[in-house]
Amino acid sequence: MSTAKRIVITGATGVIGRKLFAALTDRGYQTIIFSRSPEKARATLPGAAEYIQWSADESGPWAAAIDGAHAVIHLAGAPIAEGILGQRWTPSVKAAIRNSRVIGTRGIVSAIGTAQSRPQALLCASGVGYYGFCDDTPLGEDAAPGDDFLAQVCVDWEAEAARAEGLGVRVARIRTGLMLDPEAGVLPQIMMPFKIFTGGPVLPGSQYYSWIHPADLIGIYMLALEDERASGPINAVAPTPQTNRDFASTLGRVMGTPSWLPVPGFSLRAILGEMADLVVYGQRALPKRAQALGYTFRYPQLEAALRDLLST
């Protein structure tokens, strides 16, 4: 039997999960993928030790696979901003966003509670949306939560994960900002108007974007997995959040296109409804906990991060 440490991971076929799976494999961990479609996961991510049918429920046969695992990394959740230019937050979409996170995490923690040999750590995804929509106030991990929809989802989501602490499990809640990936997530949608020379800030332009390069996001996850001091909330953001105006200017410079055409916030709200708040407002989150743990960012500055990601 392999002596490699077993890591259970949900959401492995997502944009973050795929990168994290590669890092875990490179580091010599034995991965157990929980997926709604194990065959798709096997085809997308070959090389895992097991592919197990999973759903975001409070219980299921999958729970037995958590017994004896070294750690659980829980990333799964319905997309929040995929297709942001074409999908509104209808009541059913909002219910899926919330339930996939809150109920799914409740089930993972319940399975940890029934395991004879419990994992040493639970790493649960969350987001800087926890802080709500703020002005330019710097936000460390001790900042209070907001009261909008996404903030309350994060509060309830993290509360479910924190229950594992009562089971003797170290819990790290990774509050991720805007991950810059040119192939998936929000960045390709931000880039679209720049490609046709109509790029510019979303007004008012003073709202902050807390961003992070994928290499640093995976680095923080690996730190949280391997450093026993890592627990509680951890902001997974670069140390230099940018205003929307500066973000647009830097993106235009890197892409070699203009960045002068502003987008009124009210026009986005007319198209997107409540979801427009994701780009009209923001948070100035700072990675205080990661830096206190000694994490050194590979890409602390936005321009270098974008040039690395968009170089051909």
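Whatever comes next refers back to the structure up there.
Along every chain, residues carry numbers that run from 1 in the direction the sequence is written. Since the coordinates come from a predicted model, pLDDT governs what is reported: local features require at least 70, and pairs of side-chain atoms require 80 or more to be given and counted, while whole-chain, interface and lining totals use all residues. Side-chain metrics rest on all non-hydrogen atoms present in the structure, leaving aside hydrogens and water.

Enquirer: Looking at this model, I keep getting lost on the overall build of the protein chain. Mind explaining?
Expert: Going along the chain from the N terminus, every DSSP run of H or I of four or more residues is numbered as a helix, and every run of E of two or more is numbered as a strand. A tally of regular secondary structure across the protein chain gives 11 helices and 13 strands. Both definitions apply: the radius of gyration is a C-alpha atom measure, and the globule rule equals 2.2 Å times residues to the power 0.38. Taking 312 residues into account, the globule formula puts the C-alpha radius of gyration at 20 Å, and the protein chain, at 19 Å, falls close to it. Principal-axis analysis of the C-alpha atoms gives the protein chain an extent of 60 × 40 × 40 Å. We call a residue buried when its accessible area falls under 20% of the maximum for its residue type, exposed when it is over 50%, and partly exposed in between, using a 1.4 Å probe and counting protein chains only. The burial tally for the protein chain puts 55% of its 312 residues in the buried class. Every residue pair with non-hydrogen atoms within 4.5 Å of one another is taken to be in contact. Contacts in the protein chain between residues at least 24 apart in sequence constitute 79% of all its contacts with a sequence separation of at least 6. With an accessible surface of roughly 13,300 Å², the protein chain has 54% of that area assigned to carbon and sulfur atoms. Separation between the mean location of the 28 positive side-chain charges and that of the 28 negative ones in the protein chain comes to 2 Å. Exposure was quantified through the Shrake-Rupley algorithm and a 1.4 Å probe, taking into account, for residues, occlusion by the shown protein chains and nothing else. When charges are counted, neither His nor the chain ends are considered; positive counts come from Lys and Arg and negative counts from Asp and Glu. Working definition for charges: the position is that of NZ of Lys, CZ of Arg, CG of Asp or CD of Glu.

Enquirer: When you look at the pattern of salt bridges in this model, what are you seeing that I'm missing?
Expert: A side chain of one charge can pair with a side chain of the opposite charge if their charged atoms are brought near each other. Salt bridges, as used here, are contacts in which a Lys or Arg side-chain nitrogen is within 4 Å of a carboxyl oxygen on Asp or Glu. Counted by the stated rule, this structure contains 12 salt bridges. The salt bridge involving E158 is made with R173; its shortest N-O contact spans 2.9 Å. Here E158 is found in helix α4 (residues 149–162), whereas its partner R173 is found in strand β7 (residues 170–176), with 15 residues between them in sequence. Both residues of the pair, E158 and R173, count as buried. Between E303 and R307 there is a salt bridge, with the nearest N and O atoms lying 2.9 Å from each other. With E303 and R307 both in helix α11 (residues 302–310) and four residues apart, this pair spans about one turn of that helix. The structure contains a network of salt bridges with shared partners spanning E58, R106, E160 and R163.

Enquirer: Would you mind going over unusual backbone geometry with me for this structure?
Expert: For residues that are not glycine, phi is negative in most cases, and the peptide bond is trans in most cases. Look at the link from L203 to P204: it is a cis peptide, with omega at 20°. Relative to the helices and strands, P204 is located in the loop between α5 (187–195) and β9 (208–209). Of note, the phi angle at F197 is positive, near 60°, even though the residue is not glycine. By the secondary structure assignment, F197 is in the loop between α5 and β9.

Enquirer: Quick question: what am I supposed to make of the sheet that holds strand β4 (residues 71–74) here?
Expert: Hydrogen bonds between backbone groups are what pair the strands of a sheet, and the pairing can be parallel or antiparallel. Across the sheet, which stays open at both edges, the seven strands sit in the order β3-β2-β1-β4-β5-β7-β11 with parallel pairing between neighbours. The sheet terminates laterally at β3 (50–53) and β11 (232–236), the two strands that pair on one side only. This sheet shows a mean twist of 20° between the axes of neighbouring strands, independent of strand direction. By this definition, two strands are paired if DSSP reports at least two bridges between them. Judged from the four bridges that link them, β4 and strand β5 (residues 121–127) form a sheet pairing that is parallel. Looking at β5, one finds that H74 is bridged to C124. Helix-sheet contacts for helix α1 (residues 15–26) involve β1 (6–10), β2 (30–35) and β4, and the interaxial angle to β1 is about 170°. Here an axis means a line fitted to C-alpha atoms, over the contact stretch when the element is a helix, while the angle between two N-to-C directions is reported on a 0 to 180 degree scale.

Enquirer: So what exactly am I meant to see when it comes to the nonpolar core here?
Expert: Across soluble globular proteins, nonpolar side chains show a tendency to be buried alongside one another. What we call a nonpolar core is a set of buried Ala, Val, Leu, Ile, Met, Phe, Trp, Tyr and Cys residues that are connected through their side-chain atoms within 4.5 Å. One finds F34 and L122 to be the most contacted residues of the largest nonpolar core, which totals 69 residues. Here the element with the most residues in this core is helix α6 (residues 214–226); it accounts for eight residues. Beyond its immediate stretch of four places on either side in the chain, L122 contacts V72, H74, I108, V109, I112, A161, A164, V169, R170, V171 and A172. Counting residues in hydrophobic clusters, the runner-up holds 20 residues, among them V186, Y209, W211 and L306.

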